[in-house]
Amino acid sequence: MPITVNDQKKLFRLDAGNSTYIMQVRENGYLLHLYYGSHISDSDVSHLLDNHINAAFSPLPPSRESSYFSLDTQPQEYSCNGAGDFRISALSVKMPNGSTSTELKYASYKIIDGKPSLEGLPATYVNCDSEAKTLEITMEDTLSGAEVVLCYTAFESLNAIARNVRIRNTSDALLKVDRAYSMTLDLNRADFDLIHFHGKHVAERKFERSPLIHGIQSIASKRGSSSHNHNPFVILCDKTATETFGEAYGFSFVYSGNFASDIEVDCFDHTRVIMGINPTDFEWLLSPGDFFTTPEVVMVYSDAGLEKLSHTYHRLYRKNLCRGPWRDAKRPILVNNWEATYFEFNSDKLVNIAKDAAELGIEMLVMDDGWFGNRNDDHSSLGDWFVNEDKISGGLDALVKRVNDLGLKFGIWFEPEMISPISKLYEAHPDWCLHVNGRDRSTGRQQLVLDMSRKDVRDYLFNVMSEILSSSNIAYVKWDFNRNLSEVGSELLPPEQQHEVFHRYVLGLYELLERLITAFPNVLFEGCSGGGGRFDPAMLYYSPQIWTSDNTDAIERCYIQYGTSFAYPASSMSAHVSASPNHQTGRATSFKTRGNVAMAGAFGYELDLNKLSVEEKQLVKEQVESYHKYYHIINFGDFYRLISPYDNNYYCAWEYVSEDKNEALLTFVSMRVVINHTYFVRLRGLDPTKIYVDVATGDEYHGDTLMNAGLRLKEWMGDGSSIVKYFKAKE
Ligand code: GLA
């Protein structure tokens, strides 16, 4: 049973997989957090509460249960602002009298089979009700009239708990929500390392690990998107934790806009984590009866290191977050013309690429930026989603038919949320972009951002995109987003609601995405934001794969894909073989290594196939064959980070193991040669009792030998070289 309640002691217990989470309503009505970690047998662990902690200078509420009881020292289930808890707070509600002092007391609870959806927001879901149960605990602030429902979904067979909060105004006055994080977690220890994933354009999700310090650390974005700079995902783990050892807690925010994950260590060495919408430039007006729903945070607990944590996220996000036919269906191998042609293309050029693609076994041609309006460089035309017949002679349908006739599917690029000041759309609707009257409009990549909070803007985009998508046989959409938000104001909202625009923008984006995927259920959507600038779980709800980075250099990708793998499954990471020397770094890498690294995700090509040599074309054929052969292992198997590229900056290794443990795929990349060196790799996840055959050489090894003694690589590993080894268990 994932949820049990002891009504007498008012204990709430969640059992998600082999993790346990316990909270209790105290006699005075406060809801305190008692435990989160490995499975434990007792539910009443209230003896863990420390009522003797010296609360000098911490305010004591009149209803304290002991002379030392203070909200400032007790572990809160959902922390509030201004009523005596000086640590970081998840909730702050402004009353008509101007006060933001907020205090919640328990009112009631309810248990629901399965998991209700979150209106207007992406969220994890259940495939059948038996997969999870949901607990909703209602708390009340009787003075303000704010009613707060704390929602917890415990997944039956995964160590995962999804949390969010619903705030309703039960008063007859206007309330203003000042901050509304989606969760608080108070832990009674501070000896953790914090792992997070920072970066920039062409260098996303760099792994960083550091010990927690006293005070507040914040991993956040105020850019209007989850961003290249910080992924909405953090891990707290034992200082001694490794891939396979130690406790780890993951916090992943299912949201694509401004977020904050704040971690505070207090003077008593307690740790508090809060995660949710960034309170900077956020406010939400609640009229009487209205409610506000926060996006969800998915918490995952691991008692066996970072690998188990990742496996749980991978399973959950693959099966309970991604949706639609493309969740499970085999994704097509595509060739995208961006790095092949940039803006310099026409129908014939694309068809020539498609001809080679068809011969080589590639399954889809994607026409990237530059097919619409007068777009021959990035100075104009975003918003004018009309085919440029100078380039696409005879129109889109004619091109799609030519490509389809070659046996290939056809995909297309859009950047729906943007508007170029040089465009017909801007001439007609200069007020449709985000802007603040009287202030200059800052451009990014020569473009402004459409006000997605406006229904007329969304309707325009839906209509114009639907027209394109239904005009021909389009199988795929790459949805791009190439700048962050500034001058965030909306023409249609009154001054007191301007701080809602950041969030309304994201809600508008989700609404448009939902409308489009509902209208075109068989189209495969791929997310993108200058590469991986919006690589977050929320986007995976709409697009099961995301362009991982604009950096297609195979060696750089080892780092980027490594960082991405902590929360996101291989099936979500688009990875393409591009030209050498690489366009971003200038580095030359062998065709083989480019293929081996791109094979770690949703596979494709990003180069001019017409320019490949005979030998390279032969390699494409072999890579295509490998992709089909290994697809199920990579996309549905378990992923193991064997050697981190950060460990030595010379080489790295990863592995996939099929669900039945009968097949394993090992990839080893030598980023830089280590002179006069012998490489060993220890595999993981195999069946120790089985005998595995290295299919290429016929060499046989016991599973336990490969895992404990390891494998010595006999191959010469020069700069940028790599090998893939496929192991199959003997019958
Ligand atoms: C972004 C994307 C690229 C490409 C260009 C087109 O940078 O990440 O893959 O689509 O836009 O302008």
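From a predicted model like this one, the values you see are computed outputs, not experimental measurements.

K.L.:
Help me out: how do you make sense of the site of the ligand in this one?
P.N.:
Taken together, 13 residues form the shell around the ligand, and within it Asp-368, Asp-369, Arg-445, Lys-478 and Asp-550 come nearest. A distance of 2.8 Å is found between an oxygen atom of the ligand and a side-chain nitrogen or oxygen belonging to Arg-445. Between the ligand and Gly-531 there is a distance of 2.9 Å, counted from an oxygen atom to a backbone nitrogen or oxygen. Relative to its unbound accessible area of 300 Å², the ligand is 96% covered by the protein chains. A breakdown of the residues in the shell around the ligand according to their chemical character gives 4 nonpolar, 3 polar and 6 charged.

K.L.:
Would you explain the packing of helix α10 (residues 591-598) against helix α11 (residues 614-636) in this entry?
P.N.:
Helix packing geometry: the angle between the two helix axes and the distance between the axes. It is at 10 Å that the axes of α10 and α11 come closest, and there the two elements cross at 20 degrees. As the angle between them shows, α10 and α11 are arranged roughly parallel. As for the relative orientation of α10 and α11, their crossing is right-handed in sense. Residues Phe-591, Lys-592, Arg-594 and Gly-595 of α10 pack against Glu-616, Leu-619, Val-620 and Gln-623 of α11. For the contact of α10 with α11, a count of residues per class yields 3 nonpolar, 2 polar and 3 charged.

K.L.:
In this structure, what is going on with unusual backbone geometry? I would like to understand it.
P.N.:
Geometrically, the link from Ser-580 to Pro-581 is a cis peptide bond, its omega value of 0 degrees lying close to zero. Within the secondary structure, Pro-581 is located in the loop between β29 (573-578) and α10. Its identity is not glycine, yet Phe-57 carries a phi of approximately 75 degrees, on the positive side. Position of Phe-57 relative to the elements: it lies in the loop between β4 (31-38) and β5 (91-94). Even without being a glycine, Glu-487 presents a positive backbone phi close to 45 degrees. Judged by its relative accessible area of 18%, Glu-487 is buried.

K.L.:
In this structure, what is going on with the layout of surface pockets? I would like to understand it.
P.N.:
Empty space among the atoms can be located by rolling a probe the size of a water molecule over them. Size it by volume and the largest pocket reaches roughly 500 Å³. Taken together, 24 residues line the largest pocket, and the ones lying closest to its centre are Lys-592, Asn-596, Ser-626, Tyr-630 and Val-724. Of all the elements in the fold, those that place two or more residues in the lining of the largest pocket are α10, α11, β32 (651-657), β33 (663-670) and β38 (721-729). By residue number, the principal contributor to the lining of the largest pocket is α11, which donates 8 residues. Looking at side-chain class alone, the lining of the largest pocket contains 13 nonpolar, 4 polar and 7 charged residues. Along its surface, the second largest pocket is lined by 14 residues, and Glu-119, Gly-120, Trp-284, Arg-504 and Leu-507 are the ones closest to its centre. When residues of the lining of the second largest pocket are assigned to their parent elements, the largest contribution, 5 residues, is made by helix α7 (residues 501-519). A breakdown of the residues in the lining of the second largest pocket according to their chemical character gives 5 nonpolar, 5 polar and 4 charged.

K.L.:
Looking at this structure, I do not really get the nonpolar core. What am I missing?
P.N.:
Here is a general trend for soluble globular proteins: nonpolar side chains tend to be buried in one another's company. Counting 198 residues, the largest nonpolar core has Phe-251, Trp-371, Ile-412 and Tyr-605 as its most contacted members. The element that contributes the greatest number of residues to this core is α7, accounting for 10 residues. Counting residues in each nonpolar core, the second largest holds 23 residues, with Leu-642, Leu-686, Ile-723 and Phe-727 among its members.

K.L.:
I would appreciate a short explanation of the state of the cysteines in the present structure.
P.N.:
Scanning the model with the defined rule gives 0 disulfides in all. Summary of cysteine pairing: Cys-322 is not part of a disulfide, and the nearest cysteine sulfur, belonging to Cys-528, is at 17 Å. Judged by its relative accessible area of 4%, Cys-322 is buried. The closest cysteine sulfur to the non-disulfide-bonded Cys-652 is located on Cys-558, 3.8 Å from its own sulfur.

K.L.:
Help me understand the pattern of salt bridges in this model?
P.N.:
Should the charged atoms of two oppositely charged side chains come close, the side chains can pair. Scanning the entire structure with this criterion turns up 49 salt bridges. Between Asp-85 and Arg-272 there is a salt bridge, and its shortest N-O distance comes to 2.9 Å. Of this pair, Asp-85 sits in the loop between β4 and β5 while Arg-272 is found in strand β17 (residues 271-277), placing the two residues 187 residues apart along the sequence. The burial state of Asp-85 is the same as that of Arg-272; both residues are buried. Here Arg-87 ties to Asp-186 by a salt bridge, and the two come within 3.7 Å at their closest N and O atoms. Pair noted here: Arg-87 is in the loop between β4 and β5 and Asp-186 is in strand β10 (residues 175-187), with a separation of 99 residues, a long-range link. In this pair, the class of Arg-87 matches that of Asp-186, namely buried. Linked by salt bridges that have partners in common, Asp-85, Arg-87, Asp-186, Asp-266 and Arg-272 make up one network.

K.L.:
Would you mind showing me how to read the packing of aromatic side chains here?
P.N.:
The geometry of an aromatic ring pair comes down to the distance between the two centres and the angle between the two planes. In total, this model carries 47 aromatic pairs according to the counting rule given. On the basis of an interplanar angle of 25 degrees and a centroid distance of 5.8 Å, the ring pair of Tyr-30 and Phe-69 is categorised as stacked. Here Tyr-30, found in the loop between β3 (19-25) and β4, pairs with Phe-69, found in the loop between β4 and β5; they are 39 residues apart in sequence, far enough to count as distant. Considering the side-chain rings of Tyr-313 and Tyr-317, the 5.6 Å spacing of their centres and the 55 degrees angle between planes classify their relative orientation as tilted.

Criteria and cut-off values
Residues numbered from 1 in each chain as written. Predicted model: local features only at pLDDT ≥ 70, side-chain atom pairs only at ≥ 80, totals over all residues. Heavy atoms only, no water. Near = heavy atom within 4 Å. Polar contact = N/O pair within 3.5 Å; in protein donor to acceptor, adjacent residues only side chain to side chain. Areas by Shrake-Rupley, 256 points an atom, 1.4 Å probe, with all protein chains shown as cover. Nonpolar A, V, L, I, M, F, W, Y, C, P; charged D, E, K, R; others polar. Axes fitted to C-alpha atoms, helices over the stretch in contact; angles between N-to-C directions. Helix = DSSP H or I, 4+ residues; strand = E, 2+ residues; numbered from the N terminus. Parallel < 35°, antiparallel > 145°, perpendicular 65-115°, else oblique. Left-handed = near helix turned anticlockwise from the far one by under 90°. Contact = heavy atoms within 4.5 Å. Buried < 20%, exposed > 50% of the residue type's maximum accessible area, 1.4 Å probe, protein only. 1 Å grid on protein atoms, 1.4 Å probe; cavity = no way out; pocket = protein on both sides within 12 Å on 5 of 7 lines; lining within 4 Å. Points joined across faces, edges and corners; volume = space filled by probe spheres on them. Core = buried A, V, L, I, M, F, W, Y, C linked by side-chain atoms within 4.5 Å. Disulfide = S-S within 2.5 Å. Salt bridge = Lys/Arg side-chain N within 4 Å of Asp/Glu carboxyl O. Phe/Tyr/Trp six-rings, centres within 6.5 Å; stacked < 30°, edge-to-face > 60°.

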